[in-house]
Amino acid sequence: MSSPATLSFFIFTLSFYISSSLDTTNNKHTTVNSLNIPSPTAAAEIELINPKLPPRSLSLTSSKKFEGSSDLIHLRYHMGPVLSSSPINIYVIWYGRWTRPHKSLIRDFLNSISDAKAPSPSVAQWWRTASLYTDQTGANVSRSVLIAGEYSDSKYSHGNHLTRLTIQDVIASAARSASFPVDHKNGMYLVLTSHDVTMQDFCRAVCGFHYFTFPSMVGYTMPYAWVGQSGKQCPEVCAYPFALPGYMGHGGPGELRPPNGETGVDGMVSVIGHELAEVVSNPLINAWYAGEDPTAPTEIGDLCEGLYGSGGGGGYIGQVMRDREGKTYNMNGKGGRKFLVQWIWNPNLKACSGPNSVD
């Protein structure tokens, strides 16, 4: 769950990134051959890069293998449920005006979670880390995720500015109007707002968040997540590294090209992945998180903020892939789609991990 503390850490790491960029001993792209590339032809078209690999002396961990690993992080289970029913039914609410290509891009990401046919490193392999989390009965988070229904609120039924409370009004309106049921056993809502919708704390403290609905407002207690399209409001905050804050100047490697040519929506995909991983492992804010305060939990996405590949940390995204068109990604998805998605915390490794790891 994104929080002011998380965003503050994010800003700190970006600042660290600027100062570290003065070191010129490690600013060359690094090519590595240990990543599982699907074919010789594909290998010829893919370059493995690590924008500004940090000096070894500045590494946040003495381990070369596990990015973000630390004995100081105590992720604990608080006895609450995880989303273990198969499939996990996602009910998407498109709030505002959405184009077909943008909807298609996000749908393809959601459908990639259960697509075992995509070449490695894949979104489905990334989701296996989320599926390592269990409840008190030993039931794992489900590997099967399904878009079970969609609702378009193109008339902005609750205006162009939303709050953490009115987002539940949006969900209640959709539940009354949509053809899909209120699936309080196996479902969750995913509210996506278009680029012209503002949200309380959006860009300043959060890029997305998750919580659960109140029975008094929606009729049932159901987990939900909200993510905003930041393309015109704050891409330098919520679509990083496809856009960079102005204060970074020319000190780093520059903006990376989004894998699908959509800075706002490609950036949004990574935030969606972050929030979904936290919803399934902590749907009612009483399951998996670090810290003692359930009102401000540090969850499995928060622990890996800004990490996308091996060698990451301290403001460095880590090693990712770049195709012959210069587009950057770290995961393959359904129908040939490519995505750049943040890593999540692995409870077995006690570190951040992803399918594109070369450790």
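Preceding this paragraph is the structure being described.
Every residue gets a number counted from 1 within its own chain, in the order that chain's sequence is written. Where totals are concerned, whole chains, interfaces and linings use all residues; where local detail is concerned, this predicted model gives features only for residues with pLDDT of at least 70, and gives and counts side-chain atom pairs only at 80 or more. Water and hydrogen atoms play no part in the side-chain values, which are based on all heavy atoms of the structure.

## Overview of the overall build of the protein
This is how the line gets drawn: We count a stretch as a helix when DSSP gives it H or I for four or more residues in a row; a strand needs E for two or more, and each element gets its number in order from the N terminus. Each residue gets one of three labels from its accessible area relative to the maximum for its type: buried under 20%, exposed over 50%, partly exposed in between, using a 1.4 Å probe on protein chains only. Contacts are residue-level and defined by heavy atoms, with any inter-residue pair within 4.5 Å sufficient. The accessible surface values rely on the Shrake-Rupley method and a 1.4 Å probe; as for residues, cover is taken only from the protein chains in view.
Looking only at helices and strands, the protein has 8 helices and 16 strands in total. Counting over 359 residues, the protein shows a buried share of 56%. Once local pairs closer than 6 in sequence are excluded, the contacts in the protein between residues at least 24 apart make up 77%. If you sum the accessible surface of the protein, you get close to 15,100 Å²; carbon and sulfur atoms cover 51% of it.

## Some points on the sheet that holds strand β3 (residues 88-95)
Applied cut-off: Pairing between two strands is assigned when DSSP locates at least 2 bridges connecting them. Structural elements are reduced to axes, namely lines fitted to C-alpha atoms, with helices fitted over the stretch in contact, and the angle between N-to-C directions of any two is expressed from 0 to 180 degrees.
Spatially, 5 strands are ordered β4-β3-β6-β9-β8 in an open sheet, and the strand pairing comes out mixed. This sheet does not close on itself; its edge strands, each paired only once, are β4 (145-153) and β8 (208-212). With strand direction ignored, the average angle separating the axes of adjacent strands in the sheet is 20°. When β3 meets β4, the two strands line up parallel, connected through 8 bridges. Paired with I90 across the bridge in β4 is I147. Packing of helix α5 (residues 166-177) onto the sheet brings it into contact with β3, β4, β6 (187-193), β8 and β9 (223-228), and relative to β6 it is tilted by some 115°.

## Observations regarding the state of the cysteines
Our working rule: In plain terms, two cysteine sulfur atoms within 2.5 Å form what is called a disulfide here.
Taken as a whole and judged by the stated rule, the model has 3 disulfides. Each disulfide pairs two cysteine sulfurs, and for C207 the partner residue is C238, the sulfurs being separated by 2.1 Å. Between C207 and C238 the sulfur-sulfur dihedral comes to about -85°; the bridge is accordingly left-handed. With C207 in the loop between β7 (198-199) and β8 and C238 in helix α7 (residues 235-238), this residue pair connects regions lying 31 residues apart in the sequence. Between C304 and C352 runs a disulfide, and the two sulfur atoms are separated by 2.2 Å. Its S-S torsion of about -100° marks the bond between C304 and C352 as left-handed, since a negative value means left-handed. Residue C304 is found in the loop between β10 (288-290) and β11 (320-323), and its partner C352 is found in strand β16 (residues 351-353); the two are separated by 48 residues along the sequence. The burial state of C304 is the same as that of C352; both residues are buried. Each disulfide in the protein links cysteines that, numbered along the sequence, combine into the pattern 1-3, 2-4, 5-6.

## A short note on the packing of helix α4 (residues 123-130) against helix α8 (residues 263-281)
Spelled out, the test is: Here a crossing is taken to be left-handed if its near helix is turned anticlockwise relative to the far helix by less than a right angle, and right-handed if that turn runs clockwise. Put simply, Ala, Val, Leu, Ile, Met, Phe, Trp, Tyr, Cys and Pro go in the nonpolar bin, Asp, Glu, Lys and Arg in the charged bin, and everything else, Gly too, in the polar bin.
In contact at an axis separation of 10 Å, α4 and α8 are set at 35° when each is read in the N-to-C sense. You can see that α4 and α8 cross each other, and the crossing is right-handed. Judged by residue contacts, W126, W127 and A130 of α4 engage G273, L276, A277 and V280 from α8. A class-by-class count of the residues in the contact of α4 with α8 yields 6 nonpolar, 1 polar and no charged.

## Overview of the environment of R128
Among the secondary structure elements, R128 is positioned in helix α4. The class for R128 is partly exposed, based on a relative accessible area of 39%. A sequence separation of 218 residues divides R128 from N346, and the C-alpha atoms of the two residues are 9.5 Å apart.

## Looking at the pattern of salt bridges
This is how the line gets drawn: Between Lys or Arg on one side and Asp or Glu on the other, a salt bridge is scored when a side-chain nitrogen of the former is within 4 Å of a carboxyl oxygen of the latter.
One pass over the full model with this rule turns up 7 salt bridges. The salt bridge partner of E47 is R322, with a shortest N-O separation of 2.8 Å. Highlighted residues: E47 in strand β1 (residues 46-49) and R322 in strand β11, separated in sequence by 275 residues. Looking at E47, the relative accessible area reads 29%, which means it is partly exposed.

## Comments concerning the pairing of β9
Buried residues dominate β9, accounting for 6 of its 6 residues. Where burial is concerned, the two faces of β9 agree: the one with P223, A225 and V227 and the one with Y224, W226 and G228 are both buried. Summarising the sheet, β6 and β9 pair through 5 bridges and their orientation is parallel. Each bridged residue has a counterpart across the sheet, and for Y189 the counterpart in β9 is Y224.

## Quick look at the side chain of D153
Rules: His is not counted, nor are the chain ends; Lys and Arg add positive charge and Asp and Glu add negative charge.
Structurally, the position occupied by D153 is in strand β4. One buried charged residue, D153, forms no salt bridge at all, with the nearest opposite charge on K155 at 8.7 Å. Once residues within four sequence positions are removed from consideration, D153 is found in contact with W94, Y95 and G96.

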